[in-house]
Amino acid sequence: MSIQNLKDKAFKNPEVKAEYDLLEPEFALIDTLLTMRKKSGLTQEEIAKRMGTQKGNVSRLEKG
């Protein structure tokens, strides 16, 4: 089963769809951060160093 099929099946439940929709701002922020990092040509490691954190933290942030 593809992820899209799984989502389609889950979204048939109105409660699941409503909770997912509440997360849209978080998903949009993650997408923006990832797009900006890639446009800047920086790696996760470089971003982490500038933020004073570890690469794994940047990775988890980007994965949501």
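Engineer: Sorry if this is basic, but what is going on with the overall build of the protein here?
Structural biologist: In terms of helices and strands, the protein carries five helices and zero strands. Expected size for 64 residues packed as a compact globule is a radius of gyration near 11 Å; at 15 Å, the protein overshoots this value by more than 25%. Along the first, second and third principal axes, the C-alpha atoms of the protein reach 40 × 25 × 20 Å. Here the protein has roughly 5,300 Å² of accessible surface; of this, 57% comes from carbon and sulfur atoms. Once the 12 positive and 10 negative side-chain charges of the protein are each reduced to a mean point, those two points are 7 Å apart.

Engineer: How should I be thinking about the environment of Ile47 in this particular structure?
Structural biologist: Among the secondary structure elements, Ile47 is positioned in helix α4 (residues 44-51). Sequence separation of Ile47 and Val58 is 11 residues, and the distance between their C-alpha atoms is 7.5 Å. Beyond its immediate sequence surroundings of up to four residues, Ile47 is in contact with Arg37, Leu42 and Val58.

Engineer: When you look at a nonpolar patch on the surface in this model, what are you seeing that I'm missing?
Structural biologist: On the surface, a cluster of nonpolar side chains totalling about 380 Å² of accessible area is made up of Met1, Ile3 and Leu6. Of the residues examined, Leu6 reaches a relative accessible area of 46% and is grouped as partly exposed.

Engineer: Can you walk me through the packing of aromatic side chains in this structure?
Structural biologist: The relative placement of two aromatic rings is captured by the distance of their centres and the angle of their planes. One pass over the full model with this rule turns up two aromatic pairs. An angle of 55° between the planes, with centres 4.7 Å apart, marks the rings of Phe11 and Tyr20 as tilted. For Phe11, a relative accessible area of 23% corresponds to the partly exposed category. An aromatic cluster is defined as three or more aromatic residues linked by ring pairs; in this entry it consists of Phe11, Tyr20 and Phe27. Of note, Lys17 hangs over the ring of Phe11, and the distance from its end group to the ring centre comes to 5.0 Å.

Cut-offs used in this document
- Residues numbered from 1 in each chain as written.
- Predicted model: local features only at pLDDT ≥ 70, side-chain atom pairs only at ≥ 80, totals over all residues.
- Heavy atoms only, no water.
- Helix = DSSP H or I, 4+ residues; strand = E, 2+ residues; numbered from the N terminus.
- Rg over C-alpha atoms; globule rule 2.2 N^0.38 Å.
- Areas by Shrake-Rupley, 256 points an atom, 1.4 Å probe, with all protein chains shown as cover.
- Lys, Arg positive; Asp, Glu negative; His and termini not counted.
- Charge placed at Lys NZ, Arg CZ, Asp CG, Glu CD.
- Contact = heavy atoms within 4.5 Å.
- Patch = residues over 30% accessible without salt bridge, like charges linked within 9 Å, V, L, I, M, F, W, Y side chains within 5 Å.
- Salt bridge = Lys/Arg side-chain N within 4 Å of Asp/Glu carboxyl O.
- Buried < 20%, exposed > 50% of the residue type's maximum accessible area, 1.4 Å probe, protein only.
- Phe/Tyr/Trp six-rings, centres within 6.5 Å; stacked < 30°, edge-to-face > 60°.
- Lys NZ or Arg CZ within 6 Å of the ring centre and 35° of its normal.

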